[in-house]
Amino acid sequence: MDQQERLRHLVLNTHPEDLKIGLTLGLWRTFAHPDVARQLASAGGLINDPAGRASATGDALLGLMEEGLDSPASKPVLARLQGIHDGIDPDLMRFVLTAFTLPPIRFIDQYGWRPLTDTERNDYLSFASGLARELGIQPPAGDVAEWTRWADAYEQQHFGPSCHSLSLWQFAGAPLAARRLPRPLRRPLQRSVANVAGALLDARVRSALGLAAPSATGKHATAALLRLRGWVIRRRQTS
Ligand code: HEM
């Protein structure tokens with residue numbers, strides 16, 4: 001398989017749901033940056049139609065991964081993204097790029113039915129670097145560890161609470177996660193879903209979004225639930 005075939009396989013067969021969860025975690029991460037939060041809140045989509053906008057974002061990114069940046073199907077998507085993001089500060093763009101790249105990799109490595117292989121990790125990074133160039137910015141240099149170092153330093157300097165972060169979390173945080181549950185379970189499990197969602201975020205993001213640290217029990221329960229989910233998918237994938 002060449003790189004494009006491997007990426008398509010990742011999106012369609014090996015880790016379709018994990019990628020979606022990872023991208024949701026990445027989206028939430030962007031809420032912790034006051035400037036990104038302000039622009040997202042002003043655009044209004046995530047507040048008025050959180051599920052629709054979040055799916056449109058995930059579908060656009062996964063579609064590009066599946067089809068390849070050079071394919072005819074990707075051209076209108078790239079043109080739309082170029083239009084939406086024209087003139088945004090390059091470091092801000094690089095930060096959002098890392099938010100859409102590192103959380104999915106981390107989520108799969110930690111809770112996926114199997115971790116990514118080194119080749120798959122490099123494929124993902126190479127896709128993200130190509131997307132950055134299509135959007136007119138230089139990606140961070142190096143491998144996942146170097147991207148992580150760049151993102152850590154940037155986030156430490158820029159993350160912080162804002163009224164926009166709080167309203168984005170209120171409308172497109174836990175309510176988005178709850179939509180993964182069958183409708184009748186959404187209301188009774190609302191609080192638990194909020195706890196699981198909060199437990200998946202690190203202290204830097206939680207503090208910007210005004211979320212309390214999860215209890216040790218909540219953290220362990222979330223990890224256990226996700227490991228169980230990974231085990232169930234592994235059985236399905238390997239049977
Ligand atoms: C490489 C970095 C980025 C990527 C890959 C990216 C990706 C996306 C995608 C896939 C969408 C959905 C497009 C659609 O609806 O078809 C979107 C929308 C949007 N993005 Fe970005 N984005 C990036 C950086 C940023 C930054 C830095 C900001 C703000 C500072 C930003 C603000 C927005 C806004 C305001 C929308 C429209 C949201 C709405 O409709 O409510 N993006 N982005």
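Quick note: structure is the one above.
The following paragraphs examine the structure supplied in this document. (Residues numbered from 1 in each chain as written. Predicted model: local features only at pLDDT ≥ 70, side-chain atom pairs only at ≥ 80, totals over all residues. Heavy atoms only, no water.)

1. Here's the deal with a nonpolar patch on the surface
Together, Leu 228, Trp 231 and Val 232 make up an exposed nonpolar region whose accessible area comes to about 290 Å². For Trp 231, the position within the fold is in helix 15 (residues 216-238). Judged by its relative accessible area of 43%, Trp 231 falls in the partly exposed class. (Patch = residues over 30% accessible without salt bridge, like charges linked within 9 Å, V, L, I, M, F, W, Y side chains within 5 Å. Areas by Shrake-Rupley, 256 points an atom, 1.4 Å probe, with all protein chains shown as cover. Salt bridge = Lys/Arg side-chain N within 4 Å of Asp/Glu carboxyl O. Helix = DSSP H or I, 4+ residues; strand = E, 2+ residues; numbered from the N terminus. Buried < 20%, exposed > 50% of the residue type's maximum accessible area, 1.4 Å probe, protein only.)

2. Some remarks on the coordination of the iron atom of the ligand
Looking at the iron atom of the ligand, one finds just one donor atom contributed by the protein, His 85 (NE2), at 2.0 Å. Among the secondary structure elements, His 85 is positioned in helix 6 (residues 74-85). (Donors = N, O, S within 2.8 Å, 3.2 Å for Na, K, Ca; no water.)

3. Description of helix 1 (residues 3-14)
Along helix 1, the residues classified as buried are Leu 7, Leu 10, Val 11 and Thr 14. Burial along helix 1 is one-sided: seen end-on, the buried residues are contained in an arc of 135°. With a side-chain oxygen lying 3.2 Å from the backbone nitrogen of Gln 4, the N-terminal cap of helix 1 falls on Asp 2. (Arc of directions from axis to C-beta. Polar contact = N/O pair within 3.5 Å; in protein donor to acceptor, adjacent residues only side chain to side chain.)

4. Regarding the site of the ligand
Taken together, 22 residues sit near the ligand, with Gly 45, Arg 53, Arg 80, His 85 and Met 93 positioned nearest. One nitrogen or oxygen atom from the main chain of Gly 45 is found 3.0 Å from an oxygen atom belonging to the ligand. Broken down by secondary-structure element, the contributors of at least two residues to the shell around the ligand are helix 3 (34-43), helix 4 (45-48), helix 5 (50-67), helix 6 and helix 7 (90-111). It is helix 7 that provides the largest number of residues to the shell around the ligand, a total of five residues. Counted by class, the shell around the ligand contains 16 nonpolar, four polar and two charged residues. (Near = heavy atom within 4 Å. Nonpolar A, V, L, I, M, F, W, Y, C, P; charged D, E, K, R; others polar.)

5. Things to note about the packing of helix 5 against helix 8 (residues 118-134)
Their axes nearest at 11 Å, the elements helix 5 and helix 8 cross at an angle of 110°. Regarding the angle of helix 5 to helix 8, the classification is roughly perpendicular. The handedness of the crossing between helix 5 and helix 8 is right-handed. From helix 5, Leu 61, Leu 64 and Met 65 reach across to helix 8, where they touch Tyr 124, Phe 127 and Leu 131. A breakdown of the residues in the contact of helix 5 with helix 8 according to their chemical character gives six nonpolar, no polar and no charged. (Axes fitted to C-alpha atoms, helices over the stretch in contact; angles between N-to-C directions. Parallel < 35°, antiparallel > 145°, perpendicular 65-115°, else oblique. Left-handed = near helix turned anticlockwise from the far one by under 90°. Contact = heavy atoms within 4.5 Å.)

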